[in-house]
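Coordinate analysis (summary)
As a plain string of letters, each chain reads:
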Amino acid sequence: MLIREQPESAFLVGVILLWLVTIVEIMHDDADKRAAAMSGIELGTRTEVVFWHAMGGPLGVVMDDLIVRFNKEQSKYFVRGVGMGSYDILDKKILASIVAKSAPDISQNYETLTKKLIKAKKIVCIDDLLASETEDIKADIIPVLLRNNTYNGRLWSFPFNKSVPVLYYNKDLFRKAGLDPEMPPRNLDQLASYARHITGFFRKGNGEAAVIGFGTGKGNIWTFLCRLLQFNGKMVDEIEKKSFFDEEPARKALGVILDMVEEGIAVEGQGFDHQNDFKSQRVAMIENSIVSKVFMEAGIKFDFGVAPLPGAATNAIVLSGTNINIFNNGNPEKVKGAWEFVKWFTSTDIGAEWSVRTTYIPVRRSSLKSRFFLDAMKKDPNIAPPYVQLDYAYFEPRLSCWFEIRDLMADFLEEASIERGPPGKYLTKMNQEIEGILRHATD
Amino acid sequence: MPAGLLPDMKNSYHLVVHFLLIVGAVFMLFPFLWMITTSFKGEDEILKTGKEIVLLPDAWRPGFLNSAEDDERIRQTEIQRKAWEEQAALPPASRTKRLSKPFSTFDNFREVWDKQDFYRYFLNTLYVSITITITSLFLASLAAYAFSFFKFPFKDAIFMLLLGTMMLPQQALLIPDYILLSKLNWVNTYAALIVPWVASIFSVFFLRQFFLQLPKDLFEAATIDGCSRFQFYYKILLPLSKPPMVTLGIFTFLGSWNSFVWPLIVTNDKELRVIQVGLSYFNSESGTQWGPLMAASTLTILPLVILYFFAQKQFVESQATTGMKE
């Protein structure tokens, strides 16, 4: 009756009923979860350590798994991992929480934020925590990671999820095209020549290439910076506030990919397009983060290899990823708990496991020699190549304005990739605008 | 339809209009169709058909629509399935190869439901969205009633000031709002998800414009007949305002249902996360899990489609009547 005579009232009653049912279900779900928590690890008298991170997908699963293990292995601290979904959100939330005096105890941060946190005296100096350790942890940290986390001679953050770019290649397509699958290209000349060979080999009668030799991301800043260093170039002079993107190495770094795309032996894709093209065998080689292996592996139905990023004059590569900060929230017990967790997480064995399961670089050199790591390498030879690159790894400038510069670079590199004009056309203007940002930067 | 057309011309006119509408509908529906059909596909299939725009999953497509490449993929999947079934039938100790389980049609939905607490995200979103929609409509209609029917000092100035707040982008308010909530100890509570959104200036503005079109005599006549201000609001104004209220309800519900950044910022516990945050877990710095993401997206838009199905009459009506003048 109500439905026929007053449909609006019936709809409203329905909505209110749905709302009540939802509340009851939430309360029911809360009760179930409390019961489940009682059968697991209880917070009890433990000190809670809140850890904000940005690990999602399969990486988040590994992270959650290791946090649960830490909580089980000791009885003094309870680490509560909170996934923020993205680095951008995490960054915003950290800044807001600092002002609101509700910062977490540990968080993953980029270097630019670490510098701000040091200035604001919001984080604990890792050197102070290391001082009471009997083991010389610092001596075991991979040198480039140690340099990356040291500010004015003091270690303020701890390396956490650092990754390197690598070359993925399809061994089956290499075999079909008559290339040795154990000899991936070592330098950019070889990369172009392999890409040319593969594209030509898979060209159909109508001239269309069924497989393109090489794929990369459109306006890929990360690999552009790697190539810049490989051609003996420089990014910025942090003291002189000068940038070097309008010089020959930068032109070569950009030109080498533009030329390959122009020739039709390489493609540039938006987002993860090149990764998808590789998985569906439309592209034979791609450059990407080693972490992509975790995401691609399950869907790859062919024999594939991972190789160091092809070099030029040098084999330099640039690290990516974040570090860990321990916050000084006025509770020494929480700082102790946070440090215990960070030490455990980056210890030789756990670090090796984290590295093998996620492909991130382990923090310690001893992890690379651990039994877990060596066994994993025997099972999967694709694990080794990223670590070969560590001896010539660098990191991006740690300027507070670096992400602003990166955004600007993305615009110019994308414009270059769409228009494919002479590299100088984009780099000159890009350099001028970057120097404008640098002039106004505070540090 | 333009007046004065001959019957033949009328038919042609209808034909052209319908053709354009159908083309428009196909364009609008295509992303949804792609999303729904992709949610039933394995990764292999999604990537293989990525450039050919093949909507139907292998399992549902009639054989004659398949290309040679499709046939080969289906054959390979069948071989893989048989090998896996044979291996699964063996005792664990005798299994020689590590075979991955072949994809079956509902695997993406299973993954969404099992690996993420999607049920809880769903409940949270429903609770938050309904609460915000009802409260916001109630408060906005009261405010709009005051701004359109009552006289009080600085009425226009206050209204302009409120409108001015609409010029501030949400991003600029994110950190100040977070600090405010933190001082109220509301971070990581339902209150943080609901309270900041129950007062909507846009809704006040929208309803005020509608109320201004109603004859003022109505209010005066009702008052002379002994109607109190609240009785006028409840018995006369609200029943007359169904179309704009429904429109606003849909806008508010949609906005709340699709909200992502704010819930992520103000909540920490998984038990308080909403459905859009759940969707983001399938998308990360180094890859997107297309199948589960599309399955989760399909589940996410389902309630919205149902809502629109129930409220479409009022929605269309409101679009027509909100343009009417007194």
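Residues numbered from 1 in each chain as written. Chains lettered and ligands numbered in written order. Predicted model: local features only at pLDDT ≥ 70, side-chain atom pairs only at ≥ 80, totals over all residues. Heavy atoms only, no water.

1. Topic: the overall build of chain A
Looking only at helices and strands, chain A features 21 helices and 16 strands. Taken along the three principal axes of its C-alpha coordinates, chain A extends 75 × 65 × 50 Å. In chain A, which comprises 443 residues, the share counted as buried stands at 56%. When contacts within chain A are restricted to residue pairs at least 6 apart in sequence, long-range pairs at least 24 apart make up 75% of them. If you sum the accessible surface of chain A, you get close to 19100 Å²; carbon and sulfur atoms cover 55% of it. Side chains of chain A give 54 positive and 58 negative charges; the mean places of these two sets differ by 3 Å. (Helix = DSSP H or I, 4+ residues; strand = E, 2+ residues; numbered from the N terminus. Buried < 20%, exposed > 50% of the residue type's maximum accessible area, 1.4 Å probe, protein only. Contact = heavy atoms within 4.5 Å. Areas by Shrake-Rupley, 256 points an atom, 1.4 Å probe, with all protein chains shown as cover. Lys, Arg positive; Asp, Glu negative; His and termini not counted. Charge placed at Lys NZ, Arg CZ, Asp CG, Glu CD.)

2. Quick look at the overall build of chain B
In terms of regular secondary structure, chain B is built from 15 helices and 2 strands. Out of the 326 residues in chain B, the part that is buried amounts to 40%. A total of about 18600 Å² of accessible surface is found on chain B, and carbon and sulfur atoms cover 69% of it.

3. A few points about the sheet that holds strand β3 (residues 106–109) of chain A
Residue and element names in this part refer to chain A. Reading across the sheet, the 5 strands line up as β2-β1-β3-β15-β6 and stay open at both edges, with mixed pairing between neighbours. Sheet topology places β2 (77–83) and β6 (158–163) at the edges, where each strand pairs with a single neighbour. Each adjacent strand pair in this sheet contributes to an overall mean axis angle of 20 degrees, direction not counted. As judged from the 5 bridges shared by β6 and strand β15 (residues 320–326), these two strands associate in the antiparallel manner. (Pairing = 2+ DSSP bridges. Axes fitted to C-alpha atoms, helices over the stretch in contact; angles between N-to-C directions.)

4. Considerations on the nonpolar core
Judged by nonpolar contacts, the single largest core of 186 residues is most densely connected at Phe158, Phe224, Leu225, Phe245, Met285 and Met409 of chain A. Setting aside residues up to four positions removed in sequence, Phe224 of chain A forms contacts with Phe245, Ala250, Ala253, Leu254, Met409, Leu413, Leu427 and Met430 of chain A. Counting residues in each nonpolar core, the second largest holds 24 residues, with Phe159, Val204, Phe211 and Phe219 of chain B among its members. (Core = buried A, V, L, I, M, F, W, Y, C linked by side-chain atoms within 4.5 Å.)

5. Notes on the interface of chain A and chain B
Across the contact, 49 residues belong to chain A and 45 residues belong to chain B. Summing both sides of the interface, chain A and chain B together bury roughly 4000 Å²; the carbon and sulfur share of this comes to 61%. At the boundary of chain A and chain B, one finds 3 salt bridges. Arg120 of chain B is the partner of Asp29 of chain A in a salt bridge, and the nearest nitrogen-oxygen pair spans 2.8 Å. Connecting chain A to chain B are 8 residue pairs in polar contact (both at pLDDT 80 or more). Where the side of chain A that touches chain B is concerned, the elements lending two or more residues are α2 (7–39), α3 (57–73), β2, α4 (87–99), α13 (273–279) and α14 (292–296) of chain A. If one sorts the elements of the side of chain A that touches chain B by residue count, α2 of chain A sits on top with 13 residues. (Buried area = accessible area lost by both parts, 1.4 Å probe. Salt bridge = Lys/Arg side-chain N within 4 Å of Asp/Glu carboxyl O. Polar contact = N/O pair within 3.5 Å; in protein donor to acceptor, adjacent residues only side chain to side chain.)

6. Focus: the environment of Ile123 of chain A
Residue and element names in this part refer to chain A. Assignment of secondary structure puts Ile123 in the loop between α5 (111–119) and α6 (126–130). Judged by relative accessible area, which is 5%, Ile123 ranks as buried. Separated by 197 residues in the primary sequence, Ile123 and Ser320 have C-alpha atoms spaced 22 Å apart. Beyond its immediate stretch of four places on either side in the chain, Ile123 contacts Thr114, Leu117, Ile118, Trp156, Asn325, Ile326, Phe327 and Asn328.

7. A look at empty space enclosed by the protein
Residue and element names in this part refer to chain A. Enumeration according to the criterion identifies 5 cavities of 30 Å³ or more in this entry. The space that makes up the largest cavity amounts to roughly 110 Å³. Those elements that place two or more of their residues in the lining of the largest cavity are β8 (212–217), α11 (221–230), α12 (248–263) and α20 (402–419). Tallying contributions element by element places α12 first for the lining of the largest cavity, with 4 residues. Across the lining of the largest cavity, the residue classes tally to 6 nonpolar, 6 polar and 2 charged. (1 Å grid on protein atoms, 1.4 Å probe; cavity = no way out; pocket = protein on both sides within 12 Å on 5 of 7 lines; lining within 4 Å. Points joined across faces, edges and corners; volume = space filled by probe spheres on them. Nonpolar A, V, L, I, M, F, W, Y, C, P; charged D, E, K, R; others polar.)

8. As for helix α12 (residues 242–257) of chain B
Residues and elements named next belong to chain B. Taking 1.5 Å as the rise per residue, α12 with 16 residues should run 22 Å; its terminal C-alpha atoms sit 22 Å apart, in good agreement. Burial of α12 is extensive: 12 of the 16 residues sit out of reach of the surface. Taken together, the buried positions of α12 are Pro243, Pro244, Met245, Val246, Thr247, Leu248, Gly249, Ile250, Thr252, Phe253, Ser256 and Trp257. (Expected span 1.5 Å × (residues − 1).)

9. Let's talk about the sheet that holds β8 of chain A
All names here are of chain A. A sheet is described by the order of its strands in space; here 5 strands give the open sequence β11-β8-β12-β7-β13, paired in mixed fashion. The open sheet has two free edges, formed respectively by β11 (266–269) and β13 (304–308), since each of these has just one partner strand. Neighbouring strand axes in the sheet, compared pairwise and without regard to direction, differ in orientation by 25 degrees on average. Examined bridge by bridge, β8 and strand β12 (residues 283–289) share 3 bridges and lie parallel to one another. Note that in β12 the partner of Phe214 across the bridge is Met285. Contacts from α12 reach β8 and β11, with the element oriented near 110 degrees to β11.

10. Concerning a nonpolar patch on the surface
There is a patch of nonpolar side chains on the surface, built from Leu12, Val13, Ile16, Leu17 and Leu20 of chain A together with Ile134 of chain B and spanning about 500 Å² of accessible area. You can see Ile16 of chain A is positioned in helix α2. (Patch = residues over 30% accessible without salt bridge, like charges linked within 9 Å, V, L, I, M, F, W, Y side chains within 5 Å.)

11. Considerations on the pattern of salt bridges
Residue and element names in this part refer to chain A. Overall, the coordinates contain 33 salt bridges over all chains when judged by the stated rule. Among the salt bridges present, the one from Lys92 reaches Asp88, with a minimum N-O distance of 3.2 Å. Placement of the pair is Lys92 and Asp88 together in helix α4, with a separation of 4 residues, close to one helical turn. Notably, a salt bridge pairs Arg154 with Asp128, separated by 3.2 Å at the nearest N-O pair. Residue Arg154 is located in strand β5 (residues 154–155), and its partner Asp128 is located in helix α6; the two are separated by 26 residues in the primary sequence.

12. Quick look at unusual backbone geometry
Of note in the backbone geometry, Asn152 of chain A takes a positive phi value of approximately 50 degrees without being a glycine. Its location among the elements puts Asn152 of chain A in the loop between β4 (150–151) and β5. Phi angles above zero are rare outside glycine, and Asn185 of chain B is one such case at about 60 degrees. By the element assignment, Asn185 of chain B lies in the loop between α7 (170–183) and α8 (190–194). Assessed through its relative accessible area of 65%, Asn185 of chain B is described here as exposed.

13. So, the environment of Lys334 of chain A
Residue and element names in this part refer to chain A. Along the polypeptide, Lys334 turns up in helix α15 (residues 332–345). Judged by relative accessible area, Lys334 falls into the partly exposed class, the value being 22%. Distance from Lys334 to Val79, taken between C-alpha atoms, is 10.0 Å for residues 255 residues apart in sequence. Setting aside anything within four residues of it in sequence, one finds Lys334 in contact with Thr47, Glu48, Val49 and Asp105.

14. Observations regarding α5 of chain A
Residues and elements named next belong to chain A. The element α5 is extensively covered by neighbouring structure, given that 7 of its 9 residues are classed as buried. What α5 keeps buried is the set Glu111, Thr112, Leu113, Thr114, Lys115, Leu117 and Ile118. Remark: Lys121 follows α5 within two positions and exhibits a positive phi of approximately 55 degrees.

15. Focus: the packing of helix α16 (residues 348–358) of chain A against helix α18 (residues 371–379) of chain A
All names here are of chain A. Orientation of α16 relative to α18, taken along the N-to-C sense of each, is 25 degrees, at an axis distance of 8 Å. By the angle class used here, α16 and α18 are roughly parallel. Residue-level contacts link Ala352, Glu353, Ser355 and Val356 of α16 to Phe372, Phe373 and Ala376 of α18. A class-by-class count of the residues in the contact of α16 with α18 yields 5 nonpolar, 1 polar and 1 charged. (Parallel < 35°, antiparallel > 145°, perpendicular 65-115°, else oblique.)

Read these as geometric descriptors, not functional statements.
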